[in-house]
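Structural features, examined
The primary structure of each chain is shown beneath.
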Amino acid sequence: MGYARLARPANLPTAAADIFAGIAIAIGVNNQNLETFFTNNIFNSLSLILASVLLYAGGVVLNDVFDAKIDKIERPERAIPSGLIPLKSAAVYGVLLLLLGLLAAFSANVLSGIIACVLVIAIVLYDAFSKNNEFIGPLNMGICRGLNLILGMSVLNEVNYWWYALVPVIYIFAITLISRGEVHGNNKRHIIWAGLLYAVVLFFVLSIIMFKTNMVLKTIPFLLLFMFLIYRPLLKAYKLNSPSNIKKAVIAGVLSIIVLDASLATSFTNWQVGIVVVMLFPLSILLSKLFAVT
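Residues numbered from 1 in each chain as written. Predicted model: local features only at pLDDT ≥ 70, side-chain atom pairs only at ≥ 80, totals over all residues. Heavy atoms only, no water.

1. Brief notes about the overall build of the chain
The condition that has to hold: Secondary structure elements are defined from DSSP: runs of H or I of at least 4 residues count as helices, runs of E of at least 2 residues count as strands, and each element is numbered from the N terminus. Between the two quantities, the radius of gyration covers C-alpha atoms and the globule rule is 2.2 Å times the number of residues to the power 0.38. Residue burial is assigned from relative accessible area. The probe radius is 1.4 Å, only protein chains are included, and a residue is buried under 20% of its type maximum, exposed over 50%, and partly exposed in between. Here, residues are in contact when the closest pair of their heavy atoms is within 4.5 Å. Only four residue types enter the tally: Lys and Arg on the positive side, Asp and Glu on the negative side, with His and both chain ends excluded. Charged groups are reduced to one reference atom each: NZ for lysine, CZ for arginine, CG for aspartic acid, CD for glutamic acid.
For the chain, the helix and strand inventory stands at 13 helices and 0 strands. Relative to a compact globule of 294 residues, whose C-alpha radius of gyration would be 19 Å, the chain shows 18 Å and is just as compact. By principal-axis analysis of the C-alpha atoms, the chain measures approximately 55 × 45 × 30 Å. Out of the 294 residues belonging to the chain, those deemed buried represent 56%. Restricting the contact set of the chain to residue pairs at least 6 apart, pairs at least 24 apart contribute 77%. Taking the average location of the 20 positive side-chain charges in the chain and that of its 12 negative ones, the two points are 8 Å from each other.

So, in structure tokens, the structure goes:
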């Protein structure tokens with residue numbers, strides 16, 4: 001149970017959702033038939049989903065390894081400071097997850113493996129160095145998510161429209177800003193910035209859908225659900241700027257990336273694919289009742 005807690009199971013479906021969105025983008029920009037694509041690329045697709053989940057899990061495990069000292073004070077309930085998992089064992093566990101993630105990515109194709117290597121570097125940089133910087137930390141975390149989307153896009157051994165990865169970069173930057181007040185509260189300034197960045201993300205996604213696809217009407221319901229899920233807890237956290245409300249806004253932001261990914265998946269393929277991705281959301285909610293998200 002301790003090792004499961006370290007890997008943040010509730011967050012892992014969000015990593016898989018990024019890959020689904022990236023694969024959908026690859027299908028759309030290459031005008032692939034869905035049935036033909038999955039017939040020819042099911043192994044690569046599953047390999048990338050597995051790689052993403054393993055890399056995300058490895059990243060959060062090592063995050064707790066590097067935070068072990070401060071967690072003794074701020075989050076003593078976590079697996080390492082509580083004594084449930086020894087620090088060295090957690091470190092080995094995290095590294096092993098990253099190595100397995102790289103292996104899974106390379107099993108898809110070389111380009112995916114290279115992208116996964118860059119992602120691992122970004123993960124370790126965040127965990128070990130950048131997260132304490134008010135600007136570089138959120139940017140680094142956003143880049144990790146952007147690379148994860150690109151990892152999904154690499155399923156066909158090419159990366160077209162890689163700049164779509166700016167969507168998760170900006171979005172995760174916003175969530176990481178909110179999380180700055182999760183322990184002590186008093187982060188209204190960050191919440192205002194996060195709300196503005198959320199709006200930028202929505203505008204960016206709408207622009208992509210309007211100018212690059214013809215699925216506007218079918219994607220709108222997913223975007224409306226996404227807006228409701230992220231802004232409702234954010235407004236509550238602004239009105240009552242307590243650590244509890246801020247934590248809820250962070251959790252909502254992290255889990256709602258699944259709905260954002262579903263919006264992208266729908267716009268580049270069809271609404272049925274979007275529904276498949278959205279089905280990961282209740283799974284994350286269920287797991288969040290059992291395991292910590294942050």
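Next comes the rest of the account.
2. Examining the nonpolar core
Across soluble globular proteins, you tend to see nonpolar side chains buried next to one another. To be explicit about the condition: By nonpolar core we mean a set of buried residues, namely Ala, Val, Leu, Ile, Met, Phe, Trp, Tyr and Cys, connected to one another through side-chain atoms within 4.5 Å.
Leu55, Leu151, Tyr171, Ile178, Tyr198, Val205 and Leu260 are the most contacted members of the largest nonpolar core, which totals 98 residues. In terms of residue count, the dominant contributor to this core is helix 11 (residues 243–268) (13 residues). Residues within four places of Leu55 in sequence aside, it is in contact with Leu98, Gly101, Leu102, Ala116, Leu119, Val120, Ile123 and Leu151.

3. Remarks on a nonpolar patch on the surface
Going by this rule: For patches, a residue must show more than 30% relative accessible area and have no salt bridge; joins then use 9 Å for like charges and 5 Å for nonpolar side chains, namely Val, Leu, Ile, Met, Phe, Trp and Tyr. For the accessible areas, the method is Shrake-Rupley and the probe is 1.4 Å, while residue cover comes only from the protein chains on display. We define a salt bridge as a contact between a side-chain nitrogen of Lys or Arg and a carboxyl oxygen of Asp or Glu at a distance within 4 Å.
A surface patch of nonpolar side chains, about 390 Å² in accessible area, is lined by Phe38, Ile42, Phe43 and Leu46. Residue placement: Ile42 occurs in helix 3 (residues 34–66).

4. Things to note about the pattern of salt bridges
This structure, assessed with the given rule, holds 6 salt bridges. Lys131 is paired through a salt bridge with Asp67; the nearest N and O atoms lie 2.7 Å apart. In this pair, Lys131 sits in the loop between helix 6 (110–128) and helix 7 (136–153) while Asp67 sits in the loop between helix 3 and helix 4 (68–74), placing the two residues 64 residues apart along the sequence. Note on Lys131: relative accessible area 8%, which makes it buried. A salt bridge links Asp71 to Arg78; its shortest N-O distance comes to 3.0 Å. With a relative accessible area of 1%, Asp71 lands in the buried category. What makes Arg78 buried here is its relative accessible area of 10%. Through salt bridges with shared partners, a single ionic network connects Arg8, Asp64, Asp71 and Arg78.

5. Regarding the side chain of Thr219
Rule in force here: What qualifies as a polar contact is a pair of N or O atoms within 3.5 Å, subject to a donor-acceptor requirement within protein and to the restriction that residues adjacent in sequence count only when both atoms come from side chains.
Looking at where Thr219 falls in the secondary structure, it is placed in helix 10 (residues 216–239). Among the residues examined, Thr219 registers a relative accessible area of 0% and is labelled buried. Side-chain polar atoms of Thr219 contact the backbone oxygen of Met215, separated by 2.7 Å. Apart from the residues within four sequence positions on either side, Thr219 is in contact with Ile209, Ser263, Thr266 and Ser267.

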